Amino acid sequence: MNTYQPSQQQSQSNSSPLSESVLSSGHNTLSQWKGIKWGIFRRILIVFIAIGTFGFLAWFTNTYIYKFFASNQTATISVLKKEIEVGVGEAFTTSFTVNSSQSEDFISGAELILEYDPIYLEYGDGGSSGFVPLENFPYDVIYEENDPTIGKVEIVLVNPSDKEYPAHQLSFVFRVREDLTREQVFGLKNKVHIYLSKDPKFVGQAGGNGVLFEAPTSDTVLSAVSIRGETPSEEAPLLQGNISAKLIIKTRFQGILGEPVGSKGPMMVRVTLHGSSGGSKTTTISFQPGADGIWTGEYSEQNLSENETFSIGLKGPKHLAKYICEAQPSETVGGTYNCNDKKIALIQGDNNLNFSNVILLAGDIPVQDGIIDAVDIAFIRANLGTTTSSVLSRGDLNLDGIVDTQDHSLAIAALGFKYDEK
Ligand SMILES: [Ca+2]
Ligand SMILES: [Ca+2]
């Protein structure tokens, strides 16, 4: 390093009024003052060099070294369920996972655009946001702008947790427009697509350092949606005979242990008789609550054949469908009863069918689609603490007059079974 030494001449020509007054007091004092002045200058110089060096290093590291070590990662998109079939007015979720190329990468934010056909589809299910928060993949919605005239959603998500996941699931709810005419549905020859627009941005970290993800450079089809024009086909009929059976069915619903506090009214349950001949018949029956948590529904069925035995399917208003093959079934663990036979013989007159030792799992809330999924869970989560009747009619699973964490826990518990029995 060059050491700067001021010459005698320079010092003299640069002498200030202050140094002149010192000069008059004698030569010894003058050289002392010069020494002090040079000391101060040297310290300032060192500080400046230090600041400059550190600043340069920080800039250099940030510009070159950092990017060299934290080279860009590739973010791949996997679509969870591309083919979707829904009816008019029905909601569905479209989901995908973002996988980073290294398992220890942590995706901390995403900025993406979804595109859909606004003639057939709506973003969201009537709520303010269409983003479906999932417990294991926490993201906060920072920005969400939906343009329903062109079918375009811009959304910015930030992961507030510091957990590292090898893949991140992102789910969004859409709905088939309720005002679709039959002509529009039948005129629809092709499926309706939802796209993740090209070049979505993902940012993240790996081992504490920033990582930039290279995302797909073309549009990705997230969902290919078929819209059902009509209700499912007619059931095949039961065998005809001359038995008039009165069915007295007792059942229990998951989470309801006694007399309901909130809605005391009947629970409307779809009861399906499946005959051994392959025919079936579905009737919606009202079930009345009892103080012991057992609900009873009664109805009569005419013209049954003595040559036929049955299984009985029950589908509660917020519940997964359950099939029962015997008059007095039981299970040791709620939700595990399972059967394939048709062993119930119905006789003339009263038939006591005590299904109360088999539980009907709760969680497929209205509008029901035969599955407990993110749409059901998200509705309950979004309405925790709510007591308004419109929300209770959908989300209050244990009928205690409030949608709260108990309902959430019930739905989560039933999530392990997830689907209607078929
Ligand atoms: Ca559902
Ligand atoms: Ca409740």
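Residues numbered from 1 in each chain as written. Chains lettered and ligands numbered in written order. Predicted model: local features only at pLDDT ≥ 70, side-chain atom pairs only at ≥ 80, totals over all residues. Heavy atoms only, no water.

### Observations regarding the overall build of the chain
In plain terms, the rule: Each helix is a run of DSSP H or I of at least 4 residues and each strand a run of E of at least 2, with the numbering of both proceeding from the N terminus. We call a residue buried when its accessible area falls under 20% of the maximum for its residue type, exposed when it is over 50%, and partly exposed in between, using a 1.4 Å probe and counting protein chains only. Per-residue and other accessible areas follow the Shrake-Rupley method at a 1.4 Å probe size, with only the shown protein chains counted as cover for residues.
When you go through the chain residue by residue, the secondary structure sums to seven helices and 20 strands. Buried residues in the chain amount to 41% of all 422 residues. Total accessible area on the chain stands at roughly 23000 Å², and carbon and sulfur atoms take up 53% of it.

### Some thoughts on the nonpolar core
Put simply, the rule is: Residues belong to a common nonpolar core when they are buried Ala, Val, Leu, Ile, Met, Phe, Trp, Tyr or Cys residues joined through side-chain atoms within 4.5 Å. Should any heavy atoms of two residues lie within 4.5 Å, those residues are considered in contact.
Residues Leu112, Phe172 and Phe202 are the most contacted members of the largest nonpolar core, which totals 38 residues. In contact with Phe172, other than residues within four places in its own chain, are Phe92, Thr93, Thr94, Phe96, Leu112, Leu114, Tyr123, Gly130, Phe131, Val132, Ile155 and Leu157. Formed by 30 residues, the second largest nonpolar core is a distinct cluster that contains Val271, Leu273, Ile324 and Cys325.

### Notes on the coordination of the calcium ion (ligand 2)
For clarity, the threshold we go by: Donor atoms: N, O and S within 2.8 Å of the metal, or within 3.2 Å for Na, K and Ca. Because water is excluded, sites can look incomplete. Every geometry call rests on angle ranges, with four donors termed tetrahedral when all angles are between 85 and 135 degrees, four termed square planar and six termed octahedral when opposite donors are over 155 degrees apart and all others are between 65 and 115, and everything else termed irregular.
Summarising the metal site, the calcium ion (ligand 2) is bound by the protein donors Asp396 (OD), Asn398 (OD1), Asp400 (OD), Ile402 (O), Asp407 (OD) and Asp407 (OD), whose distances to it range over 2.3 to 2.6 Å. Angles of 52 to 159° at the metal separate the six donor atoms of the calcium ion (ligand 2), which places the site in the irregular class. Between consecutive donor residues of the calcium ion (ligand 2), the sequence gaps follow D-x1-N-x1-D-x1-I-x4-D. Taking the relative accessible area as the measure of exposure, Asp396 reaches 2% and is therefore buried. Asn398 gets classed as buried once you look at its relative accessible area, which sits at 8%.

### Re the environment of His193
Structurally, the position occupied by His193 is in strand 10 (residues 192–196). His193 gets classed as partly exposed once you look at its relative accessible area, which sits at 29%. The residues touching His193, leaving out its near neighbours within four places in the chain, are Glu115, Tyr116, Asp117, Val221, Ser223 and Ala224.

### Points about the coordination of the calcium ion (ligand 1)
The calcium ion (ligand 1) binds to the protein through Asp364 (OD), Asp369 (OD), Ile371 (O), Asp376 (OD) and Asp376 (OD); the donor distances cover 2.4 to 2.7 Å. Ordering the donors of the calcium ion (ligand 1) by residue number gives the pattern D-x4-D-x1-I-x4-D. Its relative accessible area of 37% is what places Asp369 among the partly exposed residues.

### A short note on the confidence of the model for the chain
Reading fine detail from the predicted coordinates is not recommended where pLDDT is low. Convention followed: For every residue, the pLDDT score states the predictor's confidence, bounded by 0 at the bottom and 100 at the top.
Put simply, the chain has an average pLDDT of 83, and 83% of its residues get 70 or more. The secondary structure element of the chain with the lowest average pLDDT is helix 2 (residues 17–23), at 41, and the one with the highest is strand 20 (residues 349–360), at 97. Counted against residues more than four places away or in other chains, residues 1–26, with its pLDDT under 50, gives 13 contacts. Low pLDDT, under 50, characterises residues 63–68; the stretch is placed with six contacts to residues that sit more than four places away or in other chains.

### Points about the pairing of strand 3 (residues 91–100)
How we decide: By this definition, two strands are paired if DSSP reports at least two bridges between them.
For strand 3, the tally of buried residues reaches 10 of 10 residues, placing the bulk of the element in the interior. Side chains of strand 3 alternate between two faces, with Ala91, Thr93, Ser95, Thr97 and Asn99 and Phe92, Thr94, Phe96, Val98 and Ser100 buried alike. Note that strand 1 (residues 73–79) and strand 3 share five bridges and pair antiparallel. Counterpart to Ala75 in the pairing with strand 3 is Ser100. In the sheet, strand 3 pairs with strand 9 (residues 167–176) via nine bridges, with the strands oriented antiparallel. From the neighbouring strand, Phe92 faces strand 9, where its bridge partner is Phe174.

### What about the state of the cysteines?
Just so we agree on the cut-off: Disulfides are defined as cysteine sulfur pairs within 2.5 Å.
Overall, the coordinates contain one disulfide when judged by the stated rule. Each disulfide pairs two cysteine sulfurs, and for Cys325 the partner residue is Cys339, the sulfurs being separated by 1.9 Å. Residues Cys325 and Cys339 are joined by a disulfide whose S-S torsion is about 85°; by sign, that bridge is right-handed. With Cys325 in the loop between strand 19 (322–324) and strand 20 and Cys339 in the loop between strand 19 and strand 20, this pair connects stretches of sequence that are 14 residues apart. Using a relative accessible area of 2% as the deciding quantity, one classes Cys325 as buried. Judged by its relative accessible area of 17%, Cys339 falls in the buried class.

### Some remarks on helix 5 (residues 374–382)
Put simply, the rule reads: A 3.5 Å cut-off defines polar contacts: any pair of N or O atoms within that distance qualifies, except that in protein one atom must be a possible hydrogen donor and the other a possible acceptor, and neighbouring residues in sequence count only when both atoms are side-chain atoms.
Of all nine residues making up helix 5, seven are buried, and the element is well covered by its neighbours. The complete set of buried residues in helix 5 reads Ala374, Val375, Asp376, Ile377, Ala378, Phe379 and Ile380. Tucked inside the fold, the buried residues of helix 5 contact strand 3, strand 6 (131–132), strand 9, helix 6 (389–395) and helix 7 (405–414). Where helix 5 begins, the capping side chain belongs to Asp373, and its oxygen is found 3.0 Å from the backbone nitrogen of Val375.

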